[in-house]
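As a plain string of letters, each chain reads:
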Amino acid sequence: MSDIALSGITKRYPGGVLAVDDVDLEIDRGEFVTLVGPSGCGKTTTLRTIAGFERPTAGTVSIGGVDVTDAPPYERSTGMVFQDFALFPHMTVYENVAYGMEVRGDHTDEEIDTRVAETLELVELPGVADRTPDQLSGGQQQRIALARAIAPRPEALLLDEPLASLDKKLREQMQLELRRIQEEVGITTVFVTHNQEEALTLSDRLAVMNEGRIEQVGPPETVYDEPDTRFVADFLGTANLFDGTVAAVEDGYATVGCGDLEIRARHRGEATVGESASVVVRPERFAIDDGRTGGNVFEGTVRFKRHLGSSVEYRVESGNDRELVVVRRSGTDARSVGDRLSLSVDAEDCLIVGA
Amino acid sequence: MATADDGRPGERANARWYALGYPLFWLVAVFLAPLALLVVSSFYVNVPGGSYRPGFTLDNYARFLDVSPGSGWPPIEANIYLRQLWLTIEISLVTAVVSLLLGYPIAYYLARMDRPWLRSVLLVTIISSLWVTYVIRAYAWQVILASGGILSSVGVAVGVLAEPRAFYPGYWGLVVGMVYVFLPFMILTLYTSIRNIDAALFEASKNLGAGPTTTFRRVTLPLSKNGIASGTALVFILALGAYVMPRLLGSSAERTLPVLIEAQIMGESNYPFGAAMSIGLIAVVLVFLWLMVRFTDVTAASLGGEQTVEPDGGRPVGGGATDGAWDRIGSVAAAVGLTRLVGRLGAVVGRIDARRRERLLWTASRLYVAAVMTFVAAPLAIIVAVSVTPEQFLTFPPGGISPRWYVEFFTDASWMLAFVNSLGIAAAAAALATTIGGSLAFALDRYGYRWGRLFGTFGVLPILVPPVIVGVAFLIFFLELGLAGSRTAIVVAHGIFYAPFPFILISQGLDELDRTYEEAAMNLGASGTLTIRTITYPLLRANVVSGALFAFILSLNEYIIAWLLSLFLVDTIPIQIFNSLRYGYRPTIAAASVVFIGLTVVVMVAIDRLSGGIWE
Ligand SMILES: Nc1ncnc2c1ncn2[C@@H]1O[C@H](COP(=O)(O)OP(=O)(O)O)[C@@H](O)[C@H]1O
Ligand SMILES: [Mg+2]
């Protein structure tokens, strides 16, 4: 049974903004689910609805099988890590971490002592109990915020872009830490980020949001390889997108006419001739100059080349102002700016998504 | 607009109205009601012998506004009330303009100087004098300006004066006193506005080849226009309502409208006529505010000290922005005068080479600052000197040092009773003001109201009403309730009149308070009240306590409202000092003043420390 269930959640703010639009989401016990999407798509609002800071205009929230839609935040068992940590500046680290147990009043002082010590151990900061938040570095504050959220053993951990204020290196390190701690505690987690890379690395499943709706939910590899919509394909990773009209359909494949060229691509659902559609091709799926002439072949000229460390990205101009992005592993198929080349891709690696 | 979906689950749907009910009770029912009653009673019929009869007559206004032709020319000359009204406006304008000319260089120097400790000292000096009761400060000027006073003694000693003469009561003595008490408001308003100019702009201007005078004319002055506008307006309005200074430093020719109003109420017991004149004074203030809002962007709220969102919004007395309208009407002639003055100065200085020029300018401005600071600080220092004189009567220079007047102050039953009254009233008024201001600030911060701006205006409205009018309105109100002449009446009046200070300070604290802290607490299981107790209040404590201390210090030093409401039955220190001044200058007055000033300074320093230098 799912641990957190959102059903038909809709939130319209007093000003009229429809921030969340009919969202359904079920999260299993111990699962790590990421809400990802561009800024303003409603991630924070969804998370705040789970925490009880916003009352949904429609729909229900249940945690641990109990409908908590009308329960105030302090009567739900969630632990939240805020974007800027929100560590109480007038309290020490110890007092911050103990706060959740103290205000609930169901722990003895010894229990609280032990729990605080254990939790600080868990986040690998046992020595800072007596410091105040402003005596901690950004990464340390992050860990204490996490410790404070999990110390009362909530049923769910909610994180709103907790790593956004850290620099890249620290952020990557904290991602691993976070996952380790989450698995150790086994807590159901909802993580919010606008950073697609972070979403892909961290999650058991991710839910891609756009304009208040969830466009797709699934494990990272599925969502990346089999995007349901053009938006999902475009938002996660890099995608070459060809917009056109379905020209012919046959058994699992379809031909899409995109102005001057036709692409044969795999389709999963119903494709109807005459319908508009987009074709997604991931940049690493192209073959360069493999001698093919039939099928999906694009002739072009390298206009731009960029080293990304372990790989190289080419921008290839291929007729009619069309620019293709191609990525190769470093050291294979090296080309220079100005080189002409021919790109081919199997129909199997081209995917039709709704426009 | 509000639907059940708004806000957070578990929040009582009516919480927003409960939260607002308390402050609105005081600010509307208890404050606006007396003002309404004031309007009504200005149409009542006076019954000679100290009472009045409900009714409707225009006689009071007729008497106030009578310009019957044939009784003299120009017509206004015939009517002493209109003449004095005009004089009130004139003196207020002179005060505002002189304060601006005198205050701008100081504000500029303070804002641009780079020794923080010295700036703190200067600011604290300016600010401390600000809160000392007008009664003591008028008394200080009497000591200075009296025949045989300091000025005349020094004049005779150096041979400028042939014989001792008095510089008060009279027009210029009054202007000096008015400038003295209102200059700090001007300096602080201008200071904030100049401080808010990005320092990089000065450097950019210099880098582009502008010398100090050009930079001043083209950068500093235009960017501080809003400060000039709000400072001038603020001082003008404060001066219009001033009672103590005109009363104690002006002669009978300088009886301003507030003085006439008080005389009608306390002297003649002609309440309807006093009310009609009060309405006249309010009308002048309103017309002025209307002109100001119409032709500049300075808002009434910003004068009350409400924080404006614009980066140039000023504290503690606020400042809005001005736009081109300001240039168009050119109504601050003072600014023009200032430019000319600086321009002329610049022409003279222009002949000296650049490096020496800048040094010279700074030296000159330092001397100037020293002179004005003396003007600000000396009167109170003189009071201190008088308080330790061993002689029975004031002599200058004093003939030694003696604690006898302090001993007299602390052992005299009537002084002590007044002292205890003052402290008790101020403490209770501070508590009331803080609960009113605090709850209003809290409600407005927490909940959106359709009329939120209006409610916010209620929060600053009381201090925009001249105190003499607040006093008259409350007096009539409390007479109806049978409460006049009690400490309760003074506490309620002060509590409401000074509620804007806690309101502004707490609003500001709530503004800066990151709401996420409260959400974090609730997320961790703390209920609404527990969150306020463990998170919100501790984080706001400095603002709440400074707000309360402000109200305390202001109530402690307030004279005219307390006097009107006392009905001769309640004594406070300012009332006692004022009354004692009639019977000569027994130095006990000085000793009482020094104790009072000391108390005021201590509380001001506490506020400053508490808030980590709120004046910075
Ligand atoms: N308190 C609020 N009142 C009105 N509109 C809001 C409020 N909070 C967020 N919004 C709007 O709702 C939409 C979704 O916001 P949010 O949930 O914060 O998105 P995200 O976290 O994905 O960036 C945005 O258009 C935002 O402007
Ligand atoms: Mg967000």
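Calculation rules
Residues numbered from 1 in each chain as written. Chains lettered and ligands numbered in written order. Predicted model: local features only at pLDDT ≥ 70, side-chain atom pairs only at ≥ 80, totals over all residues. Heavy atoms only, no water. Helix = DSSP H or I, 4+ residues; strand = E, 2+ residues; numbered from the N terminus. Buried < 20%, exposed > 50% of the residue type's maximum accessible area, 1.4 Å probe, protein only. Contact = heavy atoms within 4.5 Å. Lys, Arg positive; Asp, Glu negative; His and termini not counted. Charge placed at Lys NZ, Arg CZ, Asp CG, Glu CD. Near = heavy atom within 4 Å. Polar contact = N/O pair within 3.5 Å; in protein donor to acceptor, adjacent residues only side chain to side chain. Areas by Shrake-Rupley, 256 points an atom, 1.4 Å probe, with all protein chains shown as cover. Nonpolar A, V, L, I, M, F, W, Y, C, P; charged D, E, K, R; others polar. Core = buried A, V, L, I, M, F, W, Y, C linked by side-chain atoms within 4.5 Å. Phe/Tyr/Trp six-rings, centres within 6.5 Å; stacked < 30°, edge-to-face > 60°. Lys NZ or Arg CZ within 6 Å of the ring centre and 35° of its normal. Buried area = accessible area lost by both parts, 1.4 Å probe. Domains from an automatic or database assignment. Pairing = 2+ DSSP bridges. Axes fitted to C-alpha atoms, helices over the stretch in contact; angles between N-to-C directions.

Student: Just checking my understanding: could you explain the overall build of chain A for this structure?
Tutor: Along chain A, the regular secondary structure elements total 8 helices and 20 strands. Dimensions of chain A along its principal axes, counting C-alpha atoms only, are 75 × 45 × 35 Å. For chain A, with 355 residues in total, the buried portion stands at 52%. Counted over contacts in chain A with a minimum sequence separation of 6, partners at least 24 positions apart contribute 66%. Separation between the mean location of the 36 positive side-chain charges and that of the 62 negative ones in chain A comes to 4 Å.

Student: Can you help me understand the site of ligand 1 in this one?
Tutor: Residues and elements named next belong to chain A. Around ligand 1, a shell composed of Tyr13, Val17, Ala19, Pro38, Ser39, Gly40, Cys41, Gly42, Lys43, Thr44 and Thr45 is seen. Contact between ligand 1 and tyrosine 13: a nitrogen atom at 3.4 Å from a side-chain N or O atom of the residue. Between an oxygen atom of ligand 1 and a main-chain N or O atom of glycine 42, the distance comes to 3.0 Å. The fraction of the free accessible surface of ligand 1 (560 Å²) that becomes covered by protein chains is 60%. Classifying every residue of the shell around ligand 1 by side-chain character gives 5 nonpolar, 5 polar and 1 charged.

Student: What is the right way to read the nonpolar core from this model?
Tutor: In a soluble, globular protein the nonpolar side chains are often hidden away together inside. Formed by 230 residues in total, the largest nonpolar core has its most connected members in A:Phe88, A:Tyr99, B:Leu110, B:Phe409, B:Phe474, B:Ile496 and B:Tyr559. When residues in this core are grouped by element, the largest group, 16 residues, is from helix H8 (residues 171-195) of chain B. Those residues within four positions of A:Tyr99 in sequence are excluded, and the remaining contacts are A:Phe88, A:Met91, B:Ala521, B:Leu524, B:Ala526, B:Leu530, B:Thr531, B:Thr534 and B:Ile535. Membership of the second largest hydrophobic core comes to 34 residues, among which are A:Val123, A:Leu136, A:Ala149 and A:Leu202.

Student: Looking at this structure, I do not really get the packing of aromatic side chains. What am I missing?
Tutor: Considering all chains together, one arrives at 40 aromatic pairs over all chains under this definition. Taken together, a centroid distance of 6.3 Å and an interplanar angle of 40° make the contact between A:Phe53 and A:Phe82 tilted. Remark: A:Phe82 occurs in the loop between strand E6 (78-81) and helix H2 (93-104) and A:Phe53 occurs in the loop between helix H1 (43-51) and strand E4 (58-63); sequence separation between them is 29 residues. Each of the two residues, A:Phe53 as well as A:Phe82, counts as buried. Centroid distance B:Phe31 to B:Phe474: 6.3 Å. Interplanar angle 45°. Geometry classified as tilted. Of the two residues, B:Phe31 sits in helix H1 (residues 15-41) while B:Phe474 sits in helix H22 (residues 467-481), which places them 443 residues apart along the sequence. The two residues B:Phe31 and B:Phe474 agree in class, both being buried. Above the plane of the ring of A:Phe88 lies A:Arg148, whose end atom (NZ or CZ) is 4.5 Å from the centre. Just above the ring of B:Phe167 sits the side chain of B:Arg165; from NZ or CZ to the centre is 4.5 Å.

Student: Which parts of the structure should I look at to understand the interface of chain B and chain A?
Tutor: Interfaces are often described in size by the accessible area the parts lose on coming together. Contact residues are listed per partner, giving 26 residues for chain B and 34 residues for chain A. For the pair chain B and chain A, the two sides together bury roughly 2,500 Å², of which 61% comes from carbon and sulfur. Linking chain B with chain A are 7 residue pairs in polar contact (both at pLDDT 80 or more). Going through the elements one at a time, helix H25 (515-523) and helix H26 (528-557) of chain B are the ones with two or more residues in the side of chain B that touches chain A. Considering only residue class, the side of chain B that touches chain A consists of 12 nonpolar, 9 polar and 5 charged.

Student: Help me understand the domain arrangement of chain A, please; the structure alone is not making it clear to me.
Tutor: All names here are of chain A. Taken domain by domain, chain A consists of domain 1 (4-230) and domain 2 (238-353). Spacing between the C-alpha centres of domain 1 and domain 2 amounts to 38 Å. Domain 1 puts 7 residues into the contact, and the matching count from domain 2 is 10 residues. Roughly 820 Å² of surface becomes buried between domain 1 and domain 2 when both sides are summed, with 38% attributable to carbon and sulfur atoms.

Student: Would you take a moment to explain the pairing of E6(A) for this structure?
Tutor: Consecutive side chains of a regular strand alternate in pointing toward one face of the sheet and then the other. Residues and elements named next belong to chain A. Side chains of E6 alternate between two faces, with Thr78 and Met80 and Gly79 and Val81 buried alike. The sheet contact formed by E6 and strand E7 (residues 156-160) spans 4 bridges and is parallel. By the bridge assignment, threonine 78 is partnered in E7 with alanine 156.

Student: Can you walk me through the sheet that holds strand E2 (residues 18-28) of chain A in this structure?
Tutor: Pairing between the strands of a sheet is mediated by backbone hydrogen bonds and can be parallel or antiparallel. All names here are of chain A. Pairing is antiparallel in the open sheet, where 4 strands are placed in the order E2-E1-E4-E5. The open sheet has two edge strands with one neighbour each: E2 and strand E5 (66-67). Of the strand pairs in this sheet, strand E1 (residues 2-12) and E4 are connected by 5 bridges, and their pairing is antiparallel. Looking across to E4, one finds that leucine 6 is bridged to valine 61. Packed on one face of the sheet, H1 meets E1, E2 and E4 and runs near 120° to E1.

Student: Please clarify how the environment of B:Ile106 should be interpreted in this entry.
Tutor: Residues and elements named next belong to chain B. Among the structural elements, isoleucine 106 can be located in helix H4 (residues 80-112). Linking isoleucine 106 and leucine 190, residues 84 residues apart in sequence, is a C-alpha distance of 9.0 Å. When near neighbours in sequence (up to four residues on either side) are disregarded, isoleucine 106 contacts Ile187, Tyr368, Val369 and Val372.

Student: Sorry if this is basic, but what is going on with the sheet that holds strand E19 (residues 340-345) of chain A here?
Tutor: Residues and elements named next belong to chain A. Taken together, 5 strands build an open sheet; the order of strands is E15-E19-E16-E17-E18 and the sheet is antiparallel. Single-partner strands in this sheet number two, and they are strand E15 (287-288) and strand E18 (323-329). Across 6 bridges, the pairing between strand E16 (residues 296-307) and strand E17 (residues 311-317) is antiparallel. Each residue of the ladder has a partner; that of valine 302, found in E17, is valine 316.

Student: Would you mind showing me how to read helix H7 (residues 150-157) of chain B here?
Tutor: What sets the pattern is the α-helix's 3.6 residues per turn: residues three or four places apart point alike. For H7(B), the complete set of buried residues consists of B:Ile150, B:Ser152 and B:Gly155. Looking one or two residues past H7(B), B:Gly159 carries a phi angle of roughly 85°, positive in sign.

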